[in-house]
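# Descriptive structure summary
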Amino acid sequence: MVESAHGAAGEGAGKVAGWFRWPSVEELIEGRVAGGGLPSPLLEHSVRLEADAVLILDRRVFPHEVTWVTARSGAEVADAMRQMVTQSTGPIFAALAGLVLTARQQAGRPVAEALAAVRETGALLIGARPTNNSVGDAVRSVLSTIDIAMEADAPGSPDAAWLVERVEQQAGGQAQYFRARCRSLARHAAGLLQDGARVLTHCWMDTYLIELVRAVHAQGKRLRYVVTETRPYLQGARLTAHTLAELGQDVTLITDGMAAAVLSPFSALGPVDALVTAADRVSMDGHVFNKVGTLGAAVAAHAFGVPFYVLIQAPDPLSPTASDVVVERRDGAQVLSVQGVRTASPLVAQAYYPAFDVTPPQFVTRIVTDRGPFEAAGVSRYFDADLGEVSSAGGVGAGG
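Attention in this report is confined to the structure presented alongside it. Within each chain, residue numbers correspond to sequence positions counted from 1 in written order. At least 70 in pLDDT is required for a residue's local features to be given in this predicted model, at least 80 for side-chain atom pairs to be given and counted, and no such filter applies to totals for whole chains, interfaces and linings, which use all residues. No hydrogens and no water enter the side-chain calculation; it runs on all heavy atoms of the structure.

## Regarding the overall build of the protein chain
The helix and strand labels rest on DSSP assignments: H or I over at least four residues marks a helix, E over at least two residues marks a strand, and numbering proceeds from the N terminus. The helix and strand tally for the protein chain stands at 10 helices and 18 strands. Each residue is assigned to one of three classes by its accessible area relative to the maximum for its type, calculated with a 1.4 Å probe on protein chains only: buried under 20%, partly exposed between the two thresholds, exposed over 50%. Burial statistics for the protein chain: of 400 residues in total, 56% are counted as buried. Expressed as a percentage of contacts within the protein chain between residues at least 6 apart in sequence, the contacts between residues at least 24 apart total 71%. Each accessible area value is a Shrake-Rupley result obtained with a 1.4 Å probe; residue values ignore everything except the protein chains displayed when judging cover. In the form shown here, the protein chain has an accessible surface area of approximately 16,200 Å², with 56% of it arising from carbon and sulfur atoms. Two residues form a contact once any of their heavy atoms are found within 4.5 Å.

See the structure below:
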């Protein structure tokens, strides 16, 4: 059963009495890292791994309530992800914590049975958010690395304790690796933006956004942000705007329906210099999957000559085209209410809610990865072994 508790995030560590020690898997998943001279927002540390549970900050009610949902099994972590307790990059850390929790709960069992249980949890975690490919990448990486280690260590007859150690090691490493790649792509994205630029964003970019603010700050620049509210969960109003304010940024909130008007040269707000969003997935042919509403903003930006930059660590090599991606569709009844309060007429019973939309590559200026920016049609070149790191000044196109 998934339980809830109220409270604030715990304190992390990394240095003890003046000497450095390697952080624990709990600290790596929670993400207690230096803030680069800026405050560290609470949403940066929204998953906590305990000895017998995973605590997940409930983003459905944040910031009005600071509530932690307690998941006592990997299956309950997957259920919390499915119910949108956490979203954006949060499910990555929740999934890694769910794998560790499952492994720890297999103590005393034969290693083959313990590994089967971890694999079963992995499948549940991947299936909970099928459009967000980063969850699948992280989980599969942990499991495949353990397979290799099992084969190498087979003569030593590994047991369940061995499995726990390996899962903890790999899960912590994946969390650290993911954040490092976020910092890299943020540095490239910051290089595309001028000091004082006004940036429109849609939905909640989570770690990407936090690292972008830090990278811009490190480059001696400051941006102005315009944030859509993002119906029906209001991630923009509650998460993006709140976190930007925590970070001391200039932020203006608009409704989703205002995006095209704000991008227009007739906007009284002043010119928007760039549309910047994250992506849940980018197919190898340059189609961008992100929160529904992204497509409309992208088309408007294209019409008014405003560049659209998409932030994602890498395109998905398992999705050659847009048709290879499973797009989540949620209960349309959620459109009839906001934060549990019905806003639609009581006479209206039908509603439609596609969770994501698909932006074709012709409406995308650059896809910014941890290897640098790419033209959308040429994003598959991300995987060219001899490419190196791409300069933020240009970007790589389909022809090189």
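## A short note on the sheet that holds strand β17 (residues 366-369)
In spatial order, the strands read β9-β8-β7-β10-β13-β17-β18; together these 7 strands make up an open sheet with mixed pairing. Bordering the open sheet on either side are β9 (250-254) and β18 (372-374), each of which pairs with just one other strand. The average undirected angle you get between the axes of adjacent strands in this sheet is 25°. Pairing geometry for strand β13 (residues 308-311) and β17, over 3 bridges, is parallel. Of the residues in β17, the one forming a bridge with valine 310 is isoleucine 367. Packed on one face of the sheet, helix α8 (residues 235-246) meets β7 (198-201), β8 (224-228) and β9 and runs near 165° to β8. A pair of strands is treated as paired once DSSP finds two or more bridges between them. Lines fitted to the C-alpha atoms define the axes, with helices restricted to the stretch that makes contact. Angles between their N-to-C directions range from 0 to 180 degrees.

## Some details on helix α7 (residues 207-218)
What a helix should span is 1.5 Å times the count of its residues minus one. Between its first and last C-alpha, α7 extends 16 Å over 12 residues, near the 16 Å set by a 1.5 Å rise per residue. Along α7, the residues that are buried comprise Thr207, Tyr208, Leu209, Ile210, Glu211, Leu212, Val213, Arg214, Ala215 and Val216. As for α7, its buried residues are in contact with α3 (90-104), α6 (160-191), β8, α8, β10 (274-278) and β13. Backbone geometry just downstream of α7 places glycine 220 in the positive-phi region, at approximately 75°.

## Details of the nonpolar core
Nonpolar side chains in soluble globular proteins generally cluster together in the buried interior. Joining through side-chain atoms within 4.5 Å is the link that ties buried Ala, Val, Leu, Ile, Met, Phe, Trp, Tyr and Cys residues into a set, and such a set is a nonpolar core. Ile29, Leu163, Tyr208, Val276 and Ile367 are the most contacted members of the largest nonpolar core, which has 109 residues in total. Residue contributions to this core peak at 13 residues, all from α6. The contacts of isoleucine 29, once residues within four sequence positions are left out, are Val47, Leu49, Phe93, Leu96, Ala97, Ala175 and Arg179.

## Some words on unusual backbone geometry
With an omega of 5°, the peptide bond between phenylalanine 62 and proline 63 qualifies as cis. Topologically, proline 63 is positioned in the loop between β5 (54-57) and β6 (67-71). Proline 232 follows arginine 231 through a cis peptide bond whose omega is -5°. Within the secondary structure, proline 232 sits in the loop between β8 and α8. Unlike most non-glycine residues, cysteine 203 shows phi in positive territory, near 70°.

## Focus: the sheet that holds strand β12 (residues 288-291)
Strand order in the open sheet made by the 3 strands is β11-β12-β16, with antiparallel pairing throughout. If you trace the sheet from one side to the other, it starts and ends with β11 (281-282) and β16 (356-359), each paired once. Sheet analysis places β11 next to β12, joined by 2 bridges and oriented antiparallel. Bridged to arginine 281 within β12 is phenylalanine 289. Relative to β16, helix α10 (residues 294-303) is tilted by about 30°, and along the sheet it contacts β12 and β16.

## Structural notes on the environment of alanine 171
Mapped onto the fold, alanine 171 is located in helix α6. Along the primary structure alanine 171 and leucine 99 are separated by 72 residues, whereas in three dimensions their C-alpha atoms are 7.7 Å apart. Excluding residues that lie within four positions of it along the chain, alanine 171 makes contacts with Val25, Leu96, Val100 and Val142.

## Here's the deal with empty space enclosed by the protein
Here the term cavity refers to a set of points on a 1 Å grid, laid over the protein atoms alone, in which a 1.4 Å probe fits but cannot get out; the term pocket refers to an open set having protein on both sides within 12 Å along at least five of seven lines, with lining residues being those that place an atom within 4 Å of a point. Grid points are joined across faces, edges and corners, and a volume is the space filled by probe spheres set on the points. Tallied over the entire structure, the rule returns 3 cavities of 30 Å³ or more. Put simply, the largest cavity is a space of about 270 Å³. Lining the largest cavity are 25 residues, and of these Ser88, Asn132, Trp204, Asp280 and Asn290 lie nearest its centre. Here the residues of the lining of the largest cavity sort into 13 nonpolar, 8 polar and 4 charged. Under the scheme applied here, ten amino acids are nonpolar (Ala, Val, Leu, Ile, Met, Phe, Trp, Tyr, Cys and Pro), four are charged (Asp, Glu, Lys and Arg), and all others, including Gly, are polar.

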